[in-house]
Each structure stands twice: as structure tokens, then as C-alpha cells.
Amino acid sequence: MSIPKPLVQLNQLFIVITVLIALLAAKWLLLLPFLVGVVTLATKRNPVIMAGKSFSKSLLLLIKWKTGISSFLTNGLQRYVWGLLSFHF
């Protein structure tokens, strides 16, 4: 399993934007990336990446691929850290 780099970057952008909005506006939005991470770990399918695939099907042939295992571990660690941080605010 490999994931295109732009889709991984989309996932990272989703995390950053929701955390920034949550810190500025509504703290409950911190649950959104955490819940996406839980769904991803449970189903091994990331809803953000799946939504991004529908927008980037024409670009998939031109991009570099990232190994699925490293991105899965990175995703899991990011969600765990954000989840821990969200309960401290």
C-alpha cells in the first residue's frame, strides 16, 4: 500500500487547520482530527485521504509515492499526540 505525497500533505494540512481553528474558536473541534485518526486506525482507511483521492485522480500518475507503512505509523503517532494535547486544553 502506498499513498501519494500530495494526499499525505492534504492530511497534514487538515490536521493543522482544524487545530488552529479549534485553538482560536471552538475547542471541541480538536476532537475532529482525533476521531479521524481513530477511524483510520480501526479501518485502515483515512477519510481525509479518501476524499482527497476523488479530487486528484488525474494527478496520481505524476506524483511521488510514499510507503503506506511509514505514513500509517506517522498518522497513528500524530493522532495520538494531538489526542493527548487536546485533553490538556
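These numbers come from a predicted model, not from an experiment.

*Asks:* Looking at this structure, I do not really get a nonpolar patch on the surface. What am I missing?
*Replies:* Judged by side-chain polarity, Leu13, Ile17 and Ile21 come together as a nonpolar surface patch covering roughly 260 Å² of accessible area. Its place among the elements puts isoleucine 17 in helix α1 (residues 5-24). Take isoleucine 17: its relative accessible area is 41%, and that puts it in the partly exposed class.

*Asks:* Help me understand the environment of valine 36, please; the structure alone is not making it clear to me.
*Replies:* Locating valine 36 in the fold gives a position in helix α2 (residues 31-43). Sequence spacing of valine 36 and proline 47 is eleven residues, and the spatial spacing of their C-alpha atoms is 6.9 Å. If we skip the residues at most four places from it in the chain, valine 36 touches Phe14, Asn46, Pro47, Val48 and Arg79.

*Asks:* Explain the environment of leucine 29 to me, please; I cannot follow it from the model alone.
*Replies:* Locating leucine 29 in the fold gives a position in the loop between α1 and α2. Spatially, the C-alpha atoms of leucine 29 and valine 19 are 7.3 Å apart, while their sequence positions differ by ten residues. Beyond its immediate stretch of four places on either side in the chain, leucine 29 contacts Thr18, Ile21 and Ala22.

*Asks:* Would you take a moment to explain α1 for this structure?
*Replies:* Because each turn of an α-helix spans 3.6 residues, side chains separated by three or four positions in sequence point in the same direction. With 20 residues, α1 should reach 28 Å at 1.5 Å per residue; the first-to-last C-alpha distance of 29 Å fits that figure. Taken together, the buried positions of α1 are occupied by Leu7, Val8, Asn11, Ile15, Thr18, Val19 and Ala22. One face of α1 carries all of its buried residues, which in axial projection span an arc of 115°.

Rules behind the numbers
- Residues numbered from 1 in each chain as written.
- Predicted model: local features only at pLDDT ≥ 70, side-chain atom pairs only at ≥ 80, totals over all residues.
- Heavy atoms only, no water.
- Patch = residues over 30% accessible without salt bridge, like charges linked within 9 Å, V, L, I, M, F, W, Y side chains within 5 Å.
- Areas by Shrake-Rupley, 256 points an atom, 1.4 Å probe, with all protein chains shown as cover.
- Salt bridge = Lys/Arg side-chain N within 4 Å of Asp/Glu carboxyl O.
- Helix = DSSP H or I, 4+ residues; strand = E, 2+ residues; numbered from the N terminus.
- Buried < 20%, exposed > 50% of the residue type's maximum accessible area, 1.4 Å probe, protein only.
- Contact = heavy atoms within 4.5 Å.
- Expected span 1.5 Å × (residues − 1).
- Arc of directions from axis to C-beta.

These results come straight from atomic positions and should not be treated as a statement about function.
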